[in-house]
Amino acid sequence: MNKVLIFLLLSLPVTGLAQGFAGMGTDVEGFAIPRPDPVFDFPADHSAHPDYRIEWWYLTANLQDDAGTDYGLQWTLFRSALAPGEADGWNSPQIWFAHAAVTTADAHFSAERFARGGIGQAGVTAAPFDAWIDDWRLAGDSFDDMDLTATGPDFSYEMSLTAEGPLVFQGDKGYSVKSAEGQASYYYSQPFFAISGQLTLPEGTVPVTGTAWLDREWSSQPLAENQTGWDWFSLNFETGEKLMAFQLRQTDGTLFNAGTWIAPDGTTTPLANDALSASPLEQTQVAGRDVPTQWRLELPSRGVDVTVKALNPRAWMNTSVAYWEGPVFVSGSHTGRGYLEMTGY
Amino acid sequence: MTAAGLSALLSYWRRNLLQLFTLVIGLALATALWSGVQALNTEARASYDAAAAVLGEGQFDQLVPRTGDSFDRATFVDLRRAGWQVGPVLEGTLWAGETRVRLVGIDPLTMPGGAGPITQAGENPLQTFLSRNVVFANPEIADALETELSQEVIRDPGLAPGTAITDIGVAQVVLDRPGQLSRLIVAPEQPLGRPPLASVAPALVEQPSQQSSDIGQLTDSFHLNLTAFSLLSFAVGIFIVHGAIGLAFEQRRGMLRTLRTLGMSLRHLIWLLLLELAALALIAGGIGVVLGYVLAASLLPDVAASLEGLYGAQVSGTLRLHPSWWLSGLAIAVLGASVAAAQALWRIGQMPVLASPGARAWAMAAGRHRGAQAFGAVALLAGAALLVLLGDGLILGFASLACLLLGAALALPLLLDVLLRLGQRRAKGVVWEWFWADTRQQLPGLSLALMALLLAMAANVGVSTMVSSFRLTFIGFLDQRLTAELYVNTETAAQAKALQAFAEDRADAILPILFVDTRLADQPAELFGARVGPSYEDNWRFLQSEGAVWERVAAGEAVIINEQLARRADLWPGDGLAIAPEVTLPIAGVVGDYGNPIGQAVIGEALFRDHFPDVQTTRFGLRSSEPEVLRRALIDTLGIQPGQMIDQSALKAFSLGVFERTFTITAALNVLTLAVAGFAILMSLLTLAGFRLPQLAPAWALGVTRRDLGRLELLRAVILAALTLVVAMPLGLALAWILLAVINVEAFGWRLPMFLFPGDYARLGAAALFAALLAAAWPAFRLARTPPAGLLKVFANE
């Protein structure tokens, strides 16, 4: 493995993505901290917030080709600041990195990129919207209408996105609490994207269409010290309803969970802690760890009792910060498709 | 049975401590020389790897500017945004007082090798590295850097000497090159659909990794030299061990016969002997590895300095222990002991159960295979000659050396026998006749020790001839080349301009040192632009030339190349050399170049500036009759740092220092080899002394006093050493010739004229004779003190 990856793994004070960073969540050195009752300012808030420690633009998509074959796609741009604020050139304290992946039933392609802020190699502007790192890009005249590209050593894709619904604010109007101690982030999503384009895979180029879900989140204190990882679901039911749910696993074996029920028109209902239960049904051994790739998800208040099953149980992101991320099928009381992310295994 | 057998076998060593000592020390010395050199090689290679890991040289392809030595940061961003996975490097020289520091700035996020050898970055390396406030430096330069820089200097022994690494942003500030990059390292894995380089960054060219200045390749010849020397020493050591083991086995024939008649099977016996051998080898090997470590640790600073001076390769000055090295040291000891014992074990395997225990010592029987020995010697010497005539390449050069030395060693006893017979024929008087006959009779027992002496002396003669020839040539070369009295490195274009304006009236001549690193005739090379004038015309001596060389070069009509390039590309005066695309010039002259491993070509200044307009002159040679005054003026008026200037005498001293250090190692190994040979003689004489009594007692009984016998013993040792010296001289000169005309050409790319140094040889001869005398003194003294009763006992059974 590339040394830089180990280097990063040991060092970045980032993200809810991996175990071992939990201690950083409370260590705030001049970074701004999310406050309840946020007032968002668009399009400016689609851009970067360098005063916060971490931030991401996280897009996942469920795709199908003409023959009905299923695919999953991921494009994520992360920002991680060594110090608050921005500066010119190599002086910038902002570090950018990005992950891209394409998942099929029996293969998982992934790639990652790294960049320094301040020199133009990576960044985000609000209007027109442009989020880029190297040749990877999510950009368009507005946040509702964008093009998406990424390339890796053995795959690439070029997609178009059109929003068919409103932005959705997670948690309490965009203030998403992550622990009983009050760790929180700003969190909104655009789960209504229609997506179409081309995947280039070793077998050739495939035209695909489907739905995509974009999460925007920024914070300075991602996890509480006793939290080891998370399981995150974004599900599109065939009824047009959507569910975002996550649970944070804690060292004492308890869970902290939260979520949002999204009506077809974008109306949101936050889920109370413990309203939801997610229990693993089946483990898959991948990258030397046991990862639950089939789940039972229950939300009694909405009559939801479904099985969530990975399209490819081996959708392991072998990136510097490694985690599981892949498309899932939903069956049971509701049917549909979605994405599952699991960290800290 | 096993225990009893083993105890019987080991009892021999208890009774013959001296032989045990010879065996163990011989093997330990052989192992020490071998493993010490291996440790040096391993350490040097580890340093190259460490350097390559930071800079990606040799490991990754690189993008370098087509001309000049830097380019804009925007080019890097353009490439990244086109999908090219490249990492930026900014490299420059920093003077911290008088200390020269190679400062390397990298971006750890995009660098394919990460932050390479940095080991001291703490728990949060990226945060530490990117904090913009740290410089990681080799401990040797850290103090100097601390006074120079405002950043925190972290001592990191993982870094090559003279090197400091920091974030690229810090490097740009410290080196005062904002927005500039030196080169880009290309990651091995690239995404699909990457556009061609020319469409994104036409000013850069891709340099494949194997074509980058590969320090490993350059220094291979140096390490091969060391390895060859250590093998020679090992061979000398194995001679001793072979003698000691053979003697011990032969003397134990009686014991072995007894053990077998008591019912021990031959197979069992051989197993026990092997067990005993393995134990001895492991003990000796262990001592050898420790000695080797001490040897390597004391030589490493010189080796490091040599490698840096010769090749610019940076080698850490401290030795680290690698487990593989320990194991290989022990393995070579066991292997050496096995080789040395193979013959003896085979003989025991063949021995009939009831054969009479060999009355004669094994050593006395060593002369039995004269015919085979003569044939072997002739075959090896012929092989050496053939390899020199037909062979090509460094390995074959060393192979011919090995054949020559081994052949000569095999021939030595035969030659000595002939010489002793001549002496015998001229002897007058019965005592002298007995003396010569007795010397001949002793020859087989001493021949291994004498062979060791021969090899050691020949190596000394050969290597000292090479070194001294090199020295003479090198000093002459320095006088030719270092014509300017003062050399100045300027740091900026403005400073260079100011210097030229300032020195215009004050210096007798300004010689800009204009060069680019390029490739000529498919080889890495430096192309120089020379301002032709008396400094060049009067001083440079050509190995081969054609016409008015300097006039043609000044007119831009011809090129001068160095011997390395000429030999490697087989280009000589009259041939054409492409110095740039579409510019091919005839070669006007070939010059000797003894301070540089790679090819060089020299063209006229005007032509150089036409083709390489971007190359900035930063180094200047200044001619002046008062260099010290000029130097002061430059410091006081232009603010040039003392560290940026070097005067001719200092440069000469530095170059000679590099040279001396290069051969310190050779000289040290030389002395050790001679010491081992002296030790071999001492041990042979001491082990033989026991057998000598029956031969000396009759002479004593006939009236030769013990004191005279002792004197004759001393004389014998000196005569044998002197005769060996007679054989060693021509052998050493042949060795020197192969080193100069074959090995040097292959290793460094130049051929040196061979000079003879009779004074040195005389001193060496005296030293060898003295060593032999010293080695013989103790046995002779013991003989002179043998009680008459001891001598009488010889006749007790008659």
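Being a predicted model, the structure only gives us computed values, none of them experimental. (Residues numbered from 1 in each chain as written. Chains lettered and ligands numbered in written order. Predicted model: local features only at pLDDT ≥ 70, side-chain atom pairs only at ≥ 80, totals over all residues. Heavy atoms only, no water.)

Trainee: Can you break down helix α14 (residues 430–481) of chain B residue by residue, with the values?
Mentor: All names here are of chain B. If you check α14, its first and last C-alpha atoms are just 66 Å apart, much less than what 52 residues at 1.5 Å a residue would give, namely 76 Å. If you look at α14, its biggest bend is around 65°, right at Leu 446. By the criterion of burial, α14 is predominantly enclosed, with 37 of the 52 residues buried. (Helix = DSSP H or I, 4+ residues; strand = E, 2+ residues; numbered from the N terminus. Expected span 1.5 Å × (residues − 1). Bend = angle between axes of the 7 residues up to and from the residue. Buried < 20%, exposed > 50% of the residue type's maximum accessible area, 1.4 Å probe, protein only.)

Trainee: Please give an account of the sheet that holds strand β4 (residues 99–106) of chain B that cites residues and values.
Mentor: Backbone hydrogen bonds hold the strands of a sheet together, and the pairing may be parallel or antiparallel. Residues and elements named next belong to chain B. Ordered by their spatial adjacency, 8 strands build an open sheet running β6-β5-β7-β4-β3-β9-β1-β10, and the pairing between neighbours is mixed. In the strand order of this sheet, the two ends are held by β6 (152–155) and β10 (204–207), each with one partner. Averaged over all adjacent pairs, the angle separating strand axes in this sheet is 30°, with direction ignored. As defined by bridge partners, strand β5 (residues 134–137) adjoins β6 across 4 bridges and the pair is classed as parallel. Bridge pairing links Phe 136 to Ile 154 in β6. Docked against the sheet, helix α3 (residues 73–81) engages β1 (62–65), β3 (86–96), β9 (183–186) and β10, running at close to 160° with respect to β3. (Pairing = 2+ DSSP bridges. Axes fitted to C-alpha atoms, helices over the stretch in contact; angles between N-to-C directions. Contact = heavy atoms within 4.5 Å.)

Trainee: Describe the pairing of strand β20 (residues 304–310) of chain A, naming the residues involved and giving the relevant values.
Mentor: Residues and elements named next belong to chain A. Taking every second residue as pointing to the same face, the buried face of β20 carries Val 304, Val 306, Val 308 and Ala 310, while none of Asp 305, Thr 307 and Lys 309 on the other face is buried. Note: strand β19 (residues 289–299) against β20, 6 bridges, orientation antiparallel. Looking at the pairing, Trp 295 lines up with Val 308 of β20. Joining the antiparallel neighbours β19 and β20 is a turn of 4 residues, in which Gly 303 adopts a positive phi near 65°.

Trainee: I'd like a rundown of the environment of B:Ile635, residues and numbers included.
Mentor: Residue and element names in this part refer to chain B. Here Ile 635 is to be found in helix α20 (residues 627–638). Once the C-alpha coordinates of Ile 635 and Met 645 are considered, the two residues, 10 residues apart in sequence, prove to be 9.3 Å apart. When neighbours within four sequence positions are excluded, Ile 635 is seen to be in contact with Ile 640, Pro 642 and Met 645.

Trainee: Can you break down the packing of aromatic side chains residue by residue, with the values?
Mentor: Counted by the stated rule, this structure contains 34 aromatic pairs over all chains. Members of the aromatic cluster, connected to one another through ring pairs, are A:Phe40, A:Phe42, A:Tyr52, A:Phe169, A:Tyr186, A:Tyr188 and A:Trp218. In this arrangement the basic side chain of A:Arg249 is found over the ring face of A:Tyr345, its NZ or CZ atom lying 3.9 Å from the centre. Cation over ring: B:Arg716 sits above B:Trp434, and NZ or CZ is 5.9 Å from the ring centre. (Phe/Tyr/Trp six-rings, centres within 6.5 Å; stacked < 30°, edge-to-face > 60°. Lys NZ or Arg CZ within 6 Å of the ring centre and 35° of its normal.)

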